[in-house]
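Report on the structure
Listed below, chain by chain, are the residues.
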Amino acid sequence: MVQEALREIKRGSGELIDEARLLDRLKGWFERGEHWTLKAGFDPTAPDLHLGHTVLLSKLAIAQRYGARIQFLIGDFTATIGDPTGKNETRKPLTRDEVLLNAKTYEEQVFKILDPAKTDLVFNSHWLKDLGAGGIIALASLSSVARMLERDDFEKRYRNQTPIAISEFLYPLLQGYDSVHLKSDMELGGNDQKFNLLMGRQLQGAYNQPRQAVMTMPLLEGLDGVQKMSKSLNNYVGVTEAPEEMYGKILSISDEQMWRWYELLSFRTLEEISALKSGVASAEVHPKKAKESLALELVTRYHGEAAAQAAQAHFERVHTQKALPDEMPTFHFGEPIWIGKAFLEAKLINSTSELRRMIDQKGVRIDSKVIEDFKTELQEGEFVCQVGKRRFARIRIGA
RNA sequence: GGUGGGUUACCCGAGUGGCCAAAGGGGGCAGACUGUAAAUCUGCUGGCUCAGCCUUCGGAGGUUCGAAUCCUCCACCCACCA
């Protein structure tokens, strides 16, 4: 029993540090029904979850089956202060209200996956805001600059003479202190969080607490298959996205990437997945079929089965058969009009220069006919206008 | 406080008086090929009804026939020394 639980929890994970501690807690659950605490921290700045976040969430959900109480920590403290470091973008501090609003959004999205009865939503500002300068300095004295520089990115930046703000040293400490306050038995985080997670162990030790086990999850790559999935790179699939969008995006990932997503996102067993994989390898199963099945599973999870089926049908019609979408925005003009004006109005293009380029590239169609003349005018009637593969609009001229 | 370096288009980054709407790469877009795959190939990637014109190289002035490039001031960023 305990071993099976351990396998389930470890499945797909990156690294598990202090397996003995986790085993101990699992035994406690199976033998005496004792709950154990599993902490995971989230940044309240991004209210829209994407599939990358759900890698962690799914793992938490599995742990709940084996006695874990989830300490779902919203890192609101740093968010309301703001991190001036932001190498490329300046993160502006969030107000209390914004944080609460974001937390609310979290609740709505997260509980599609997690069991609310076994989840505690906690905000670290509750204990951090009263820490005070003295508290922070005391905390800071528990670690060293050398230790901080062990962290890969700090080390690199230091060596390359790119700036490191002092506050950046503070964040791992504060995150570690969260574990002390919550007396966490285990903490789960992304691969990139390893250093911070380990800081929790170090600080718990300093406070004479048992040290938390630490498990990291690999980061899910985004639609490009290379960079991690993130909003700012715009390579993400949001969990609240429309079913058609979600389905289409999932089908656009590479075949190679598909297996990664299966591993980290699908609820299928490892055996099922490897069966599918060998099916594709031996050409018994078309890769597209395997991908469709992944897309269906995920869209069903967030939108229900009916919506997922509809999304698939939509995709087949529009993309595979290159038929027109059944719905597209409609625009109406009273008199004959130059396509440049009409398309601009319909947001099919961003500028008339873009239109010029698109026409040169044979990317503009009206009623499925490629347009060659930049000066084309639309006369009375109704036209289906298309720019590129996915920009459509219906334009009606006349009364 | 001192010294030095930097600020170029979506991002990185070349450019140090005209040939610069600005190299190269990344990203993005379009077309071909497909499974709207991926990979690959080709082209495009400031605006304007475009052989031309207009606005852009941190900001404001100035020198010059001509400035991303030279000068002055300002703002911001970084490193090193204290």
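As the structure is a prediction and not an experimental result, all values here were calculated from the model.

Observations concerning the protein's contact with RNA strand B
Near RNA strand B there are 33 residues, and of these Phe315, Ser353, Arg356, Arg357 and Gln361 occur at the shortest range. Considering RNA strand B, the proportion of its atoms within 4 Å of the protein that are sugar or phosphate atoms stands at 55%. Contact between RNA strand B and Ser252: a sugar or linking oxygen at 3.0 Å from a main-chain N or O atom of the residue. Between RNA strand B and Asp255, the relevant distance is 2.8 Å, taken from a base nitrogen to a side-chain nitrogen or oxygen of the residue. Elements with a minimum of two residues in the surface near RNA strand B: helix H12 (243–251), helix H15 (287–303), helix H16 (305–320) and helix H18 (352–360). Of all the elements, H18 adds the most residues to the surface near RNA strand B, at 5 residues.

Examining empty space enclosed by the protein
This structure, assessed with the given rule, holds 1 cavity of 30 Å³ or more. A volume near 30 Å³ is recorded for the largest cavity. Lining of the largest cavity is provided by Leu324, Arg365, Ile366, Asp367, Ser368, Val384, Cys385 and Gln386. The element that contributes the greatest number of residues to the lining of the largest cavity is strand E12 (residues 381–387), accounting for 3 residues.

Regarding the packing of aromatic side chains
Tallied over the entire structure, the rule returns 9 aromatic pairs. Ring plane angle 65 degrees and centroid distance 6.0 Å describe the contact between Tyr177 and Tyr207, whose orientation is recorded as edge-to-face. Pair noted here: Tyr177 is in helix H10 (residues 166–182) and Tyr207 is in the loop between helix H11 (194–206) and strand E6 (213–217), with a separation of 30 residues, a long-range link. A residue is classified by how much of its surface remains accessible, and Tyr207, at 36% relative accessible area, is partly exposed. Site record: aromatic cluster; members linked through ring pairs are Phe42, Phe72 and Tyr106.

Notes on the domain arrangement of chain A
Parsing chain A into structural domains produces domain 1 (2–217), domain 2 (243–320) and domain 3 (330–397). Its C-alpha centre places domain 1 at a distance of 51 Å from the equivalent point of domain 3.

Examining the pattern of salt bridges
Tallied over the full model, the rule gives 23 salt bridges. Residues Arg201 and Asp18 are paired through a salt bridge, measuring 3.0 Å at the closest nitrogen-oxygen approach. Taken together, the residues Arg201 in helix H11 and Asp18 in the loop between strand E1 (15–17) and helix H2 (19–32) connect sequence positions 183 residues apart. According to the relative accessible area criterion, Asp18 is partly exposed, its value standing at 27%. A salt bridge links Glu292 to Lys288, with the nearest nitrogen and oxygen atoms 3.7 Å apart. Of this pair, Glu292 and Lys288 both sit in helix H15, 4 residues apart, roughly one helical turn. Exposure remark for Glu292: the relative accessible area of 6% places this residue in the buried category. Linked through salt bridges whose partners overlap, the residues forming this network are Arg21, Asp24, Arg25 and Asp185.

So, the sheet that holds strand E9 (residues 364–366)
Reading across from one edge, E7-E13-E12-E9-E10 is the order of the 5 strands in this open sheet, with mixed pairing throughout. Each end of this open sheet is capped by a strand with a single partner; those strands are strand E7 (330–333) and strand E10 (369–370). Across 4 bridges, E7 lies against strand E13 (residues 391–397) in parallel orientation. Within E13, the residue paired with Phe331 across the bridge is Ile395.

Concerning the pairing of E13
Here E12 runs beside E13; their pairing, made up of 7 bridges, is antiparallel. Opposite Gln386, over in E13, you have Phe392 as the bridge partner. Two successive antiparallel strands, E12 and E13, enclose a turn made up of 3 residues, where Gly388 displays a positive phi of approximately 70 degrees.

A few points about H10
Compared with the 24 Å implied by 1.5 Å per residue over 17 residues, the 25 Å span of H10 between its first and last C-alpha is a close match. Counting buried residues along H10, 13 of its 17 residues qualify, which places the element largely inside the surrounding structure. Looking at the residues trailing H10, positive phi occurs at Lys183, about 50 degrees.

Cut-offs used in this document
Residues numbered from 1 in each chain as written. Chains lettered and ligands numbered in written order. Predicted model: local features only at pLDDT ≥ 70, side-chain atom pairs only at ≥ 80, totals over all residues. Heavy atoms only, no water. Near = heavy atom within 4 Å. Polar contact = N/O pair within 3.5 Å; in protein donor to acceptor, adjacent residues only side chain to side chain. Helix = DSSP H or I, 4+ residues; strand = E, 2+ residues; numbered from the N terminus. 1 Å grid on protein atoms, 1.4 Å probe; cavity = no way out; pocket = protein on both sides within 12 Å on 5 of 7 lines; lining within 4 Å. Points joined across faces, edges and corners; volume = space filled by probe spheres on them. Phe/Tyr/Trp six-rings, centres within 6.5 Å; stacked < 30°, edge-to-face > 60°. Buried < 20%, exposed > 50% of the residue type's maximum accessible area, 1.4 Å probe, protein only. Domains from an automatic or database assignment. Salt bridge = Lys/Arg side-chain N within 4 Å of Asp/Glu carboxyl O. Pairing = 2+ DSSP bridges. Expected span 1.5 Å × (residues − 1).

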